[in-house]
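# Summary of the model geometry
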Amino acid sequence: VETETTLTVNPVATSAETKMTNLSTRAFAGTGSQTLTVGFVIEGTGTKRVLVRAVGPTLGQAPFNLPGTQADPRLKLNRNGAGEVAANDNWGTNTTATAAEIAAVTQTVGGFALPSGSKDAAILVDLAPGVYTAQVETTAGNEGLVIVEAYDVDPTAGNSRLVNLSTRGQVGSGLNIIVAGLVVAGPAPRTYLIRAVGDTLQDFGIPDYLDDAVITLYRQSNGQSAIQRYVDDWDDPAIHQPMLEAAMQQVGAFPLTDRQESALKITLAPGAYTVEVSSFGEQTGVSLVEIYEFPE
């Protein structure tokens, strides 16, 4: 007996009011091509107050107790085409804001507190629309695990927003993979393009690239992680490639020249997410993880 079945797929309603409010990346910070570089884009017409932090030694203390953290990260913030905007070594001694101001803002945005006198770094600054990169400066022998964070201090203020995140860093094994985080806030879901690039980096002169980068996307809720998507090899299934190529062009991402990269276009409900970047064969190397917000 043959039975006809009709499948109806209703599109998810998205909202232009939904935005990324917090961006973070935990990765190994080294020297040379292994320098941890985090990029973000501010889009709009007015300035945006942003808190940027590079946390190393505090990750090695309770309640985190992570091994192999960087003892003394130095944070430098650049604007593309305009050079250095600000820099900081120890967050308690700061030219962009007082320690009390940084502590108060950290509490407001929901970040964990930094101990007084710690050698973590922080910058609190008003930024005009543009493309920015935060680099963790490291000296030989001082390499280690760091988390770099960018917080929108007041997501409801003004006409500017954080729209993209990119991180280039060394992918190792265990805790030394790249973990990018984002918070989606607003009244409805929003669509994003997420990529993990390894082999294509050789086209940009990076010889120690990660071979066969893999994405694992998690949603965080009530202290629990739930896998949303696992992606390896962006050409599988082949039927998705034209859609992904069109998506990359739409958001201005460079084309992928190797089939072993990972990419997905996904609509995310408001909430907290993490993107883990590793290698299919547990190899090590430099990778680039990118999160692009689609225009509504």
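This text gives an overview of the structure that appears in the document. Note that the structure is a prediction, hence the values are computed from the model and not measured. (Residues numbered from 1 in each chain as written. Predicted model: local features only at pLDDT ≥ 70, side-chain atom pairs only at ≥ 80, totals over all residues. Heavy atoms only, no water.)

Our next topic: the overall build of the protein chain. Across its full length, the protein chain carries two helices and 16 strands. For 296 residues, the compact-globule formula gives about 19 Å, and the C-alpha radius of gyration of the protein chain, at 19 Å, lands near that figure. Along the longest, intermediate and shortest principal axes, the C-alpha atoms of the protein chain span 75 × 40 × 40 Å. The contacts of the protein chain with a sequence gap of at least 6 include a subset with a gap of at least 24, amounting to 82%. (Helix = DSSP H or I, 4+ residues; strand = E, 2+ residues; numbered from the N terminus. Rg over C-alpha atoms; globule rule 2.2 N^0.38 Å. Contact = heavy atoms within 4.5 Å.)

Another aspect to go through is the packing of aromatic side chains. Each aromatic ring pair is specified by the distance between its two centres and by the angle formed by the two planes. Under the defined criterion, the tally for this structure stands at three aromatic pairs. Pairing Phe 64 with Phe 112 gives two aromatic rings, centres 4.8 Å apart and planes at 55°, and the pair type is tilted. Remark: Phe 112 occurs in the loop between helix H1 (99-109) and strand S6 (121-127) and Phe 64 occurs in the loop between strand S3 (48-55) and strand S4 (74-79); sequence separation between them is 48 residues. We classify Phe 64 as partly exposed; its relative accessible area is 32%. Over the aromatic face of Phe 254 sits the side chain of Arg 195, whose NZ or CZ is 4.6 Å from the ring centroid. Between the NZ or CZ atom of Lys 265 and the centre of the ring of Phe 294, over which it lies, the distance is 4.8 Å. (Phe/Tyr/Trp six-rings, centres within 6.5 Å; stacked < 30°, edge-to-face > 60°. Buried < 20%, exposed > 50% of the residue type's maximum accessible area, 1.4 Å probe, protein only. Lys NZ or Arg CZ within 6 Å of the ring centre and 35° of its normal.)

With respect to the element layout, Thr 58 can be found in the loop between S3 and S4. Not counting residues up to four positions away in its chain, the partners in contact with Thr 58 are Phe 64, Phe 112, Ala 113, Leu 114, Pro 115, Ser 118 and Asp 120.

A separate point is the side chain of Asp 120. Tracing the backbone through its elements, the reader meets Asp 120 in the loop between H1 and S6. For the buried Asp 120, which has no salt bridge, the nearest side chain bearing the opposite charge is Arg 53, at an N-O separation of 7.5 Å. Here the side chain of Asp 120 touches Thr 58 through a polar contact of 2.4 Å, side chain to side chain. When neighbours within four sequence positions are excluded, Asp 120 is seen to be in contact with Ala 54, Val 55, Gly 56, Pro 57, Thr 58, Pro 73, Asn 88, Asp 89, Asn 90, Trp 91 and Leu 114. (Lys, Arg positive; Asp, Glu negative; His and termini not counted. Salt bridge = Lys/Arg side-chain N within 4 Å of Asp/Glu carboxyl O. Polar contact = N/O pair within 3.5 Å; in protein donor to acceptor, adjacent residues only side chain to side chain.)

Attention now goes to the pattern of salt bridges. Counted by the stated rule, this structure contains 10 salt bridges. Here Arg 259 makes a salt bridge to Asp 233, at a shortest N to O gap of 3.3 Å. Residue Arg 259 is found in the loop between helix H2 (241-251) and strand S14 (262-268), and its partner Asp 233 is found in the loop between strand S13 (224-232) and H2; the two are separated by 26 residues along the sequence. What makes Arg 259 partly exposed here is its relative accessible area of 43%. Residues participating in the shared-partner salt-bridge network are Arg 74, Lys 76 and Glu 137.

Tracing the backbone shows Met 248 in helix H2. In the structure, Met 248 is positioned 54 residues away from Ile 194 in sequence and 9.8 Å away in space, judged by C-alpha atoms. Not counting residues up to four positions away in its chain, the partners in contact with Met 248 are Leu 193, Arg 195, Trp 234, Ala 253, Phe 254, Leu 256 and Ala 263.

Ranked by internal contacts, the top residues of the largest apolar core, which has 49 residues, are Phe 40, Leu 77, Leu 127, Ile 194, Leu 217, Val 275 and Ile 291. Among the elements that make up this core, the one with the highest residue count is strand S10 (residues 178-185) (five residues). (Core = buried A, V, L, I, M, F, W, Y, C linked by side-chain atoms within 4.5 Å.)

Attention now moves to H2. Looking only at H2, the buried set comprises Leu 244, Ala 247, Met 248 and Val 251. In an axial view of H2, the angular spread of the buried residues amounts to 100°, which keeps them on one side of the axis. Across H2 from its buried face, at more than 90 degrees, point the exposed residues Pro 242 and Gln 249. Where H2 is buried, its residues touch strand S11 (190-197), S14 and strand S16 (285-293). Gly 252, located one to two residues past H2, shows a positive phi value of around 85°. (Arc of directions from axis to C-beta.)

In this section: H1. The complete set of buried residues in H1 reads Ile 102, Val 105, Thr 106 and Val 109. Down the axis, H1 shows its buried residues gathered within 105° of arc, on one side only. With respect to the buried face of H1, the exposed residues turned more than 90 degrees away are Ala 100, Gln 107 and Thr 108. Elements that come into contact with the buried residues of H1 comprise strand S1 (19-29), S3, S6 and strand S8 (144-152).

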